[in-house]
Every structure is written in structure tokens, then in C-alpha cells.
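Commentary on secondary and tertiary structure
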Amino acid sequence: MQIGRVTSERTSDERDRIGALETENLELRRANEILRKASAFFLGEARPSREVMVAFIDAHRDAYGAEPICEQLPIVPSTYYEMKARQADRAKLPARATR
């Protein structure tokens, strides 16, 4: 038995906790990057229109994916996908939009 010796070996619980913290850190960095880019894209609009948010998602979804961007913006993925479907097929537009 060695008293006072500090080992660099970690327990499996410590390794799991470090892994979870590293994952959380990466997710927070990604969220911060998305929000920074969104702030510049929206040019100070407090509540950008859905069309502007869809344009931002389209511009950045290859880098981050649509759902992670939607998590950071005030738009749910279903609204994004519905608007994309309407852009692709004008028959899906509501009656008030076709007047």
C-alpha cells in the first residue's frame, strides 16, 4: 500500500462523466455558433419572420442539420418542413395565400 501517491488512473464512472461533459461541451459550442450566425443573419430583428428563419435554416442546414438549428430558434421542425413542402408544391398553400 502506497500512501500519498496520486494516480492518473480514472474509474469507469469518472471516464463516463468526462465523456458526458465533453459531449455537452460540444453541443453547447454548436448551439453558440448557430446563435451567433443567426444573430448576424437576422440583423437585430427581435422576432424574425418564419420566411427569414427558413432561409437561415436552408443556408446552414448542411453544416448543422435542420433540427439542431430549430432547437436554437423559435421555430419547430414541423413548421420548417411544412414551409419547405409549400415552396415545393404550391397546391399545399393555404387558400388565403393563393388569393
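Now for a description of the structure that goes with this document. (Residues numbered from 1 in each chain as written. Predicted model: local features only at pLDDT ≥ 70, side-chain atom pairs only at ≥ 80, totals over all residues. Heavy atoms only, no water.)

**Remarks on the pattern of salt bridges**
- Tallied over the full model, the rule gives 4 salt bridges.
- K37 is paired through a salt bridge with E33; the nearest N and O atoms lie 3.4 Å apart. Remark: E33 and K37 occur in helix α1 (residues 12-42); sequence separation between them is 4 residues, near one turn of the helix.
- Close ionic contact of D58 with K84 constitutes a salt bridge, the shortest N to O distance being 2.8 Å. With a gap of 26 residues between them, D58 in helix α2 (residues 50-64) and K84 in helix α4 (residues 77-88) connect regions that are remote in the sequence.
- Among the charged side chains, a network of salt bridges with common partners joins D58, R61 and K84. (Salt bridge = Lys/Arg side-chain N within 4 Å of Asp/Glu carboxyl O. Helix = DSSP H or I, 4+ residues; strand = E, 2+ residues; numbered from the N terminus.)

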